[in-house]
Amino acid sequence: MAQLNTKALRDATNWYVQLTSGEATDSDRAQWKAWINADPEHKFAWQQVEEVTKTFIGLNSKTSIAVLNRSYTPASSTRRQVLKNLSLLFAFSSAGWITYKEKPWYHFMADYTTAKGEIQTFRLDDGSKLVLNTDTKVSIHFDEQIRRVRLLQGEIYVETAQETNPVYRPFIVQTMHGTVTALGTRFSTRIYKNRSCVNVFEDAVEVRPIDGLGDKVVVNAGEEVKFTSMLFQQKMLFDMSAADAWTKGFIIVDNMPLAKVIDELSRYRHGVVRCDPAIADLEISGAFPITDVDAALLSIAKTLSIRIESFTPFLVMFKPA
Amino acid sequence: MSTAALYQEVDVCNVNTITQTRDSLITELYQSHNSWLMGWLCKKLGCSFDAADLMQDTFSRVLQKDDLSNIKEPRAYLTTIAHGLMVNHVRRRDIEAAYLDEIANLPQAEAPSPETINIMIETLTKIDEMLDGLPSKIRNAFLWFQLEGLTHAQIAERLSVSVSSVRQYIAKALLHCITMTS
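Only a predicted model underlies this, so the values are computations on that prediction, with no experimental measurement involved. (Residues numbered from 1 in each chain as written. Chains lettered and ligands numbered in written order. Predicted model: local features only at pLDDT ≥ 70, side-chain atom pairs only at ≥ 80, totals over all residues. Heavy atoms only, no water.)

Colleague: I'd like to hear about the pattern of salt bridges, residue by residue, with values.
Modeller: Note that side chains of opposite charge can pair when their charged atoms are close. Evaluation of the coordinates by the stated rule reveals 25 salt bridges over all chains. Across the pair A:R29 and A:D26 runs a salt bridge, and its minimum N-O distance is 3.3 Å. Taken as a pair, A:R29 and A:D26 lie in helix α2 (residues 26-38) at a separation of three residues, close to a single helical turn. Between B:E148 and B:R158 there is a salt bridge whose closest N-O contact spans 3.0 Å. Highlighted residues: B:E148 in helix α5 (residues 136-148) and B:R158 in helix α6 (residues 152-159), separated in sequence by ten residues. Three or more residues joined by partner-sharing salt bridges are found here, namely A:D126, A:R147, A:E163 and A:R169. (Salt bridge = Lys/Arg side-chain N within 4 Å of Asp/Glu carboxyl O. Helix = DSSP H or I, 4+ residues; strand = E, 2+ residues; numbered from the N terminus.)

Colleague: Before we move on, could you go through the nonpolar core and cite the residues and values that matter?
Modeller: In this structure, A:W46 and B:F142 are the most contacted members of the largest nonpolar core, which totals 55 residues. Take this core: its biggest share by element is nine residues, from helix α7 (residues 163-181) of chain B. For B:F142, the contacting residues outside a window of four places in its chain are A:V52, A:F56, B:L131, B:I170, B:A173, B:L174 and B:C177. Judged by nonpolar contacts, the second largest core, of 28 residues, contains A:I251, A:M256, A:A280 and A:I300. (Core = buried A, V, L, I, M, F, W, Y, C linked by side-chain atoms within 4.5 Å. Buried < 20%, exposed > 50% of the residue type's maximum accessible area, 1.4 Å probe, protein only. Contact = heavy atoms within 4.5 Å.)

Colleague: An account of the environment of B:R158 is needed here, citing residue identities and associated values.
Modeller: All names here are of chain B. Taking the relative accessible area as the measure of exposure, R158 reaches 43% and is therefore partly exposed. For the pair R158 and A141, spaced 17 residues apart in sequence, the C-alpha to C-alpha distance is 9.0 Å. With residues near it in sequence (within four places) discarded, R158 still touches W144, E148 and L150. Among the polar contacts made by the side chain of R158, one reaches the side chain of E148 at a distance of 3.0 Å. (Polar contact = N/O pair within 3.5 Å; in protein donor to acceptor, adjacent residues only side chain to side chain.)

Colleague: Explain the interface of chain B and chain A residue by residue, including any values.
Modeller: Each side of the interface is counted separately: chain B has 59 residues, and chain A has 54 residues. Both faces considered, chain B and chain A share a buried interface measuring about 5,300 Å² in area, 68% of it formed by carbon and sulfur atoms. Broken down residue by residue, the surface that chain B buries against chain A is led by B:K44, B:L147 and B:I178, which jointly contribute 11%. A salt bridge links A:R274 to B:D101, with the shortest nitrogen-to-oxygen separation between them at 3.1 Å. Taken together, the connections running from chain B to chain A amount to four residue pairs in polar contact (both at pLDDT 80 or more). Broken down by element, the residue count for the side of chain B that touches chain A peaks at 14 residues, all from helix α3 (residues 74-103) of chain B. Residue composition of the side of chain B that touches chain A, grouped by class: 32 nonpolar, 13 polar and 14 charged. (Buried area = accessible area lost by both parts, 1.4 Å probe. Nonpolar A, V, L, I, M, F, W, Y, C, P; charged D, E, K, R; others polar.)

From the geometry alone we can't say anything about function, so treat these as descriptive.
Laid out in structure tokens, this is it:
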């Protein structure tokens, strides 16, 4: 690679600004031409400017800006900071929570991860069983006082083991919204966009929203509770046989609207599946394999006699027949 | 044999020794660390195709390096490369998801072809990479200028800064992009 001449590059970028300002005169253009011809380094520098600016030609402005600003908030220089800090995080993987809200980088903090469509079972040091659903990330922090599992993204199912440590260490699942403390038990925790959800299959757990000023609720077997970082919603009963079916590779739905079924199945598949609003409320019941979502989508379309259109494997649309 | 020819002979010998050392260094690096690196990547990414691909990419980067004799901590060296590749990988995936989301609601007639989709994702990823590290004002000024075609005065008004600041922002952004791509 040729060594870049900084002075020439600076001049080139200034020329670019002047020439594209809408105020460039013929004399400017003549001087610019003279500048380019004066030195091969100038010419090279100008080529670099063109190389960059031509990348933008022909892009749709609205879409491009939306995509480029996807996770870029002006207040957040944190993202860059996170990148700089990554190597430190590798060394001290328990370092923590600081990068929590920087979604794309969760990856690097996680001890266990699953890709889309992948379900994996792990045995933790204390013998507890941890199942990760699709597209999930967790980090594990066990010490002398506490067994803490941080759910960074996705959904987990936990069967806690009998504590064998001489001193009892509570088993806690922590999400960005709060903590779920196991009271010897089987339960699952899932993170949604702006809340977390706990389903208890055996015994009980205690839920505390992170900013809830100490508020807590005990959730018993067969009960589900959703909570934000400030408060929890009313407890509800749920279908125990369906809710953990994913740990066995299925989802089971009972009179669920099509749009919701599609959302659930999409979790296990790359790309986007959309549904025409006209058929969004059609109800479906059944068990669908999450190991072959495309087959599930086809069978749904067949059952409901609706059409599937796919422009690319990434974009699948359900349409009325 | 003339002195010049002798020198030439020596040079060839040196080159051969260097090539041999280089090959054996790479072989050793691969044999001693490939399964460890795969494990490391699996832990970070889940044991997907991604992890296997990234491992191959990591070693192909190593192959392109000129000087391998200075590697003192091979695992640290490999993870540094793998980490850089992972960041790009995550960036691309992220852009891809955002782009597909943006076009998902377009009427069918306006939906881009698979080729266009690929090119767009490539291009936007490249732009995102180039802009990485720029302060938000400069980043926005540059994007608005390049993509929305706003004038310097309009950008100045949006950002509540002077027109001469906008000119500086655009020049800075451009310089940053050039440095990032070369």
